[in-house]
Amino acid sequence: MATAITAPPLPQQEYAGGTVAREQVSLWVDAWRRLRRNKLALIAVFYLGLLVVMAIVALFWTPYNPNKLGVCDTYATPSGAHPFGCDESGRDSLSRLMVGTQVSLIVGLGTAFMVLVVGVTVGLVAGFFRGAVDSVISLIINIFYGIPTLLVALVLYTLLGPGLLNIMIAISATVWMDMARLVRGQTLSLREREFVEAARASGARSGKIIFGHIFPNALGPIIVQATFVIPIAILTSAFLSFLGLGVPPPQADWGGMASEGVAAIRFVTHIVMFPSIALSITLLAFNFFGDGLRDAFDPRQKR
Amino acid sequence: MRLSKAKLTGVLMSALGIFAVACGGGGGGGGGGALAAKQILHFPVFQDPKTWDPGKLDAEVDSELVQNVFDNLWRYDNSLNIVPDIASKVPSSSNGGISADGLTYTVSLRHDVKFSNGDALTSKDVLYSWNRAVALRGPYRSNLSAIDGYTDVVTEGKKFCAKGADPTVCATSVQTALAANDPKFAMKGLTAPDDYSVQIKLATACGWCLAAWSLQASTGSIVDHNAVASDPLNWWSKPAGDSAGAAASGQVGTGAYKMTEYVPKQSIKFKRVANWWGSPKPTLTEVDLDIKDASTMPTAIAAWEQGTYDLDGYGGNSTQPVADILRIKGNSRESKELLLKPKGRTTWVSFNIGYPSTGGPFVGESAAAKGLRKAFTLAVDKSALASTVCHNLLCAPATGGLITKGLIGYLGDGSDPLGKFDAPTAKSLLTQYDPDGSKTKNLKYSYNAGGLNDPVATFLQGQWKDNLGISVQLDPHPDASAFIADRLLGKYTMSRDGWQFDYNHPQDWYDNLWGSLAAGSNTSGYADPTGDPTVQPTYDSTLMSADGKPISEALSLYKQLAISQQNDVAYLPLYYSVGQFLIHSYLKGAGSTAQADFYWDGISILKH
Amino acid sequence: MTRGTLIYIGQRIGLIVVTLLVVSFGVFAAVHSIPGNAFISEHLHGQDLKDVLHQFGLDRPIPVQYWDYLRNVVHGDFGQSFVIQGQDITPLVLRELSVSMELGGSALIITVGMGMLFGVLAAIRQNTWVDYTLTTFAVIGYSVPSFVIATLGILVFGLWLQDLTGGTVYYKIAWDGTYGTIGELWLPAVALGLYTSGQVTRITRAAMLDVIQQDYIRTARAKGLPSRVVTLRHALRNALVPVTSILGPLVVTIIAGSVIIENIFGIPGLGKEFVRSITAHDYNITVAVFTLYAALIGVANLAVDLVYTAIDPRIRY
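Nothing here was measured: the structure is a model prediction, and the numbers come from that model. (Residues numbered from 1 in each chain as written. Chains lettered and ligands numbered in written order. Predicted model: local features only at pLDDT ≥ 70, side-chain atom pairs only at ≥ 80, totals over all residues. Heavy atoms only, no water.)

K.L.:
I would appreciate a short explanation of the state of the cysteines in the present structure.
P.N.:
In a disulfide, the sulfur atoms of two cysteines are covalently bonded to one another. Residue and element names in this part refer to chain B. Under the definition given, this model contains three disulfides over all chains. The disulfide partner of Cys206 is Cys209, and the gap between their sulfur atoms is 2.0 Å. On the S-S bond that ties Cys206 to Cys209, the torsion sits near 105 degrees, and the link is right-handed. Take Cys206 and Cys209: they sit in the same class, and that class is buried. (Disulfide = S-S within 2.5 Å. Buried < 20%, exposed > 50% of the residue type's maximum accessible area, 1.4 Å probe, protein only.)

K.L.:
Just checking my understanding: could you explain the side chain of Thr187(A) for this structure?
P.N.:
Checked against the element boundaries, Thr187(A) lands in helix 6 (residues 164–190). Each residue touching Thr187(A), except ones within four places of it in the same chain, is listed here: Gly123(A), Leu124(A), Gly127(A), Phe128(A) and Ile214(A). (Helix = DSSP H or I, 4+ residues; strand = E, 2+ residues; numbered from the N terminus. Contact = heavy atoms within 4.5 Å.)

K.L.:
Just checking my understanding: could you explain the domain arrangement of chain B for this structure?
P.N.:
Many descriptions give the size of an interface as the accessible area lost when the pieces come together. Residues and elements named next belong to chain B. Looking at chain B, the domain boundaries give domain 1 (47–272) and domain 2 (342–578). Counting from both sides, the interface comprises 13 residues of domain 1 and, opposite them, 14 residues of domain 2. For domain 1, the biggest contributors to the area lost against domain 2 are Leu80, Gly207 and Trp208; these three give 46% of the whole. For the interface between domain 1 and domain 2, the tally reads zero salt bridges. (Domains from an automatic or database assignment. Buried area = accessible area lost by both parts, 1.4 Å probe. Salt bridge = Lys/Arg side-chain N within 4 Å of Asp/Glu carboxyl O.)

K.L.:
Help me out: how do you make sense of the packing of helix 3 (residues 93–129) of chain A against helix 9 (residues 219–242) of chain A in this one?
P.N.:
In helix packing, the relevant descriptors are the interaxial angle and the interaxial distance, both defined with respect to the helix axes. All names here are of chain A. Helix 9 packs onto helix 3 with a crossing angle of 135 degrees between their chain directions and a minimal axis gap of 8 Å. When the axes of helix 3 and helix 9 are compared, the pair comes out oblique. Helix 3 and helix 9 meet at a crossing whose hand is right-handed. Judged by residue contacts, Ser104, Val107, Gly108, Leu109, Thr111, Ala112, Val115, Leu116 and Val120 of helix 3 engage Ile222, Ala226, Val229, Ile230, Ala233, Ile234 and Ser237 from helix 9. Class assignment for the residues of the contact of helix 3 with helix 9 results in 12 nonpolar, four polar and no charged. (Axes fitted to C-alpha atoms, helices over the stretch in contact; angles between N-to-C directions. Parallel < 35°, antiparallel > 145°, perpendicular 65-115°, else oblique. Left-handed = near helix turned anticlockwise from the far one by under 90°. Nonpolar A, V, L, I, M, F, W, Y, C, P; charged D, E, K, R; others polar.)

K.L.:
Please clarify how unusual backbone geometry should be interpreted in this entry.
P.N.:
Both trends apply: most residues other than glycine have a negative phi, and most peptide bonds are in trans. Look at the link from Pro249(A) to Pro250(A): it is a cis peptide, with omega at 5 degrees. In this structure, Pro250(A) sits in the loop between helix 9 and helix 10 (254–263). In this structure, the amide linkage connecting Ser279(B) to the following residue, Pro280(B), adopts the cis form with an omega of 0 degrees. Tracing the backbone through its elements, the reader meets Pro280(B) in the loop between strand 8 (267–272) and strand 9 (286–291). We note that Ala217(B) has phi near 50 degrees; this positive angle belongs to a residue other than glycine. One can find Ala217(B) in the loop between helix 6 (209–213) and helix 7 (225–230). Its identity as a non-glycine residue notwithstanding, Asn127(C) has a phi of 60 degrees, on the positive side. Mapped onto the elements, Asn127(C) comes out in the loop between helix 4 (89–124) and helix 5 (129–143). On the basis of relative accessibility, which here comes to 44%, the residue Asn127(C) falls in the partly exposed class.

K.L.:
Would you mind going over the nonpolar core with me for this structure?
P.N.:
Where a protein is soluble and globular, its nonpolar side chains tend to be buried together. Counting residues in each nonpolar core, the largest one holds 180 residues, and the members touching the most others are Trp130(B), Trp213(B) and Trp464(B). Domain assignment of the residues forming this core places at least three in each of domain 1 (47–272) and domain 2 (342–578) of chain B. The residues touching Trp464(B), leaving out its near neighbours within four places in the chain, are Phe376(B), Ala379(B), Val380(B), Tyr445(B), Gly469(B), Ile470(B), Val472(B), Met494(B) and Leu572(B). Core analysis: the second largest hydrophobic core is formed by 137 residues, Phe128(A), Leu235(A), Ile40(C) and Tyr283(C) among them. (Core = buried A, V, L, I, M, F, W, Y, C linked by side-chain atoms within 4.5 Å.)

K.L.:
Help me understand the sheet that holds strand 7 (residues 257–263) of chain B, please; the structure alone is not making it clear to me.
P.N.:
Sheet strands pair via backbone hydrogen bonds, and the direction of the pair is either parallel or antiparallel. All names here are of chain B. Taken in spatial order, the four strands line up as 1-9-8-7 in an open sheet, and their pairing is mixed. Of all the strands in the sheet, the pair left with one neighbour each is strand 1 (40–45) and strand 7. Strand-to-strand twist of the sheet, defined as the mean angle between neighbouring strand axes without regard to direction, takes the value 20 degrees. Sheet topology note: the strand 1/strand 9 ladder contains six bridges and is parallel. The residue of strand 9 that forms the bridge with Val45 is Ile291. (Pairing = 2+ DSSP bridges.)

K.L.:
How should the confidence of the model for chain A be read in this particular structure?
P.N.:
On average, residues of chain A score 86 in pLDDT, and 90% of them reach the 70 mark or higher. For residues 1–22 of chain A, every residue scores under 50 in pLDDT, and the model assigns this stretch 56 contacts once sequence neighbours within four places are set aside. (pLDDT = per-residue confidence, 0-100.)

K.L.:
Explanation requested: the pattern of salt bridges in the structure shown.
P.N.:
Note on pairing: side chains with opposite charge can pair once their charged atoms come close. Under the defined criterion, the tally for this structure stands at 40 salt bridges over all chains. Note that Lys265(B) is salt-bridged to Glu273(C), the shortest N-O span being 3.0 Å. One end of the pair, Lys265(B), is in the loop between strand 7 and strand 8; the other, Glu273(C), is in helix 12 (residues 270–279), on a second chain. Judged on exposure class, the residue Lys265(B) and its partner Glu273(C) are both buried.

This is the structure we're talking about:
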């Protein structure tokens, strides 16, 4: 899943002139203007906002205790009191779905953050220092591209043991390469540019050049790339849960709920239906948002 | 005398079992219809064999199949009574089979027993099989541990088997030594006065030995030394050859069926042995098994409904997906073909009682420790557990002691004070022994994730919260093997525990679970010599004395042990498991005891 | 084949070998470090368990075990299963590989066939409802998880339209024989292929538009060739290049997806085996499957790159 194709290689930004700061400001303003015009992306943002609200509400309130057994009948079909029905142990599905939102968002955002930290660091280091460092890093990246990602996540997660943080680590290990490769490419090209040359000539240290000059200029594509990591992470964690390797019980998560639902599919269908729909729409929203963001940062991609 | 009592108890217990659990009918009730032309039984199993070598076999799923291939001297009938198999009768003191001191068993063998390849069975085969099982040091070798000379052979076997990094070396060396009649590999208490009689001398009196020796597809089963010699490690994995004598090979036994084909991950085929010596003469000509992945159990049920499979649940797979069982239960036609059968498996919560190093509020036999154990026990509504988690289909509340309903040693419905639910008493015990709540802070309940264990854990957490006001953290372990290893080391304060009986005798529970005999496999450390010295001497002496007596005299002693456990609050009883079998009504003679599937040789397919 | 190409192939094979060594050691160390083992039971624990682990050599340091494993592998011995005692894993894994190849191959055909068809249609009907429908469908394709599509398929074709499909979907204990028939195969293959087909659609569409707007197409049009022929002859040939370039990653994605799909449909392939082997501590199988897939991906990537050179004459090594 985490492959080059989920986020096509991004062309380098081109700068007409002026100061670095000016360029950046106009880049962000332009991007926002373009994003606002993309209706699909806006709907996606709206939905994702609702999702975040739901996750926060679920921290304080759910219709029922999501882990309490027997609040309703086993496999009770949707009704007024339980709009999404009940599961095998008589737990309220709506409450569990709400709590499951937290898991999906934490895994998505947390993984994106981890990938950001690891990928950007590795990419900057490889691109800036080049030579032997770059060769070693590129070899490692290539090795990671040569192994099937879900299999890595499965082994790693089993090794690390259950837990939300471990899920994020396991998934990050399978998707950091795209980010690293992107940042490396950006850095390689940026370090040759005049303003970097100028900074170097005036005696700036490597750290300052990397984080003061190169990183801010590569930020647009980096953000787009990080946005694409979120749905991949949510999807992968749903896959893990589906295979019985998700967050430890009794914590509800969408993949695990769908998996329970599939087992009961010949008896009742609502158990599998709601988490599947929630998962699909959320992934769709993140992908639309990511597409919109990419188009906004790089209008030439848009057709 | 002793046996008739046992028999009576067995019948009584199974009768009770049928009454108590709403039994949906199912197999066995086919009546006298005409037989179908094709007598091929087809059903799914959900795992490959780990091993079918009776000397090393350790899994119910394996024994359920090859109990039809191997015989013991005696076997359990469908009411769990011990009946003659290779031996011509069941020894007792009244028929002279057991000496007055209870130390010598004289067994005469049937003269007509033949292995599936034609090899005749003699007393030498019995000696070979039993000595081999001990020397291989398999998990069930202790079934033979009362025989004089047992320890010597175990020690001797260890010399071979613990050496090289290769199991082949172990199996081959043992085979070579046995073939050469090496006296070091012969238990001195096991002798053959002539070709058809065996004399067994015990080191100590043993009331449970006959029950253990009769355990199907285990260390008491008789194997063909010629076949084993052909491949000492993996002889059991190959189809039974037809050649007798030195040319014998494959999985050769004396049972009514022989394995004729095994394709890993796909299928296993068994065929009826031609001119089989035993009775009743089997009707099924062939038994075809599909090996399916456990995740496809719902699909297998669908296939059963469509008629692809004749039954589902055999082969140790009677824990079915809940949704499908509920669905079938609600279908008037199909519910008649659903057989619910208590499976001799009890689940409880173990407290850390005898491992002071692990600590926790439950350690020891002080009034406070016992009081807190009792508080946690009484705070759990076992009936609500059975209805909420098990939908009253998958399990029944454990209210009659640890030994499950239907087995010798069951104490009677509602007889266990620990099986009761009494929230006020629980709360007052807690206030009495932990007034400021400091002792019961940060408690964890550890369990292996999966199946019923997850909802049960959540249920317990809720009960302790609601009835005691204590928040217990759940500690699920994704890997059962790692969980079991740590549990046996006493690493958990509260943990899921359980036992599935092997043979119908209280000794199988009491020896394996508590006391000094269980040291090393004692989850709670109750009555363990190192950690729980106050209870241990009395417990052990009562246990030793019970184990040495015939069951008629031993029962009251075992009951004494049960009561002392109850007084000491040694466990928190949860539920007895119930197996679900789907058996089409055209199958006659299919069903299950609390221990195992009914033998294939009694099944026939009616016209349908 | 030029000398440069040969050197390039040599380097790539070197990279594959390095990858396989690193990956197999990594996974070997990982699975041996997962707590638990395949042998322990209520009746086998303590010293007895230690003895068994010792017999199988599992109590030695992991590098020593790996070295031993590698030596056996060189001699063509990939070890035995710990769960099915005495079973060599090689025939098992090969059979399951062929099952997975059947599923994965079908999914790949669906992916490329459907993806390219939709991509071409969307491009030549750019900015019409056809375009919008197909591109939206593409996003849905790679957003909706494969198990949701599979579940939906089971629901519709396995339960609601059961009579139409003759019970081949889901009801049938998946794949009676070793291989699936078309009736048994199509739904798993579609569920598996839909995800990647969305990506192929997007890439094909973009590449087609690129080509359509280029000069030589305009020239060809100006010469009077009918527009449909132009599209198919020139544009399609050029659109093949980017699609070919992502075939390698596609294979990776399909392999990952097959783990899920095989588990839902109960298909006895490698993906299912892999999941089972991890949880069952069947070490040799986990390592073998993992390494096998890494090898497969390496070879697929190499082959794709070589084909890529052949169809795009601009690239030279």
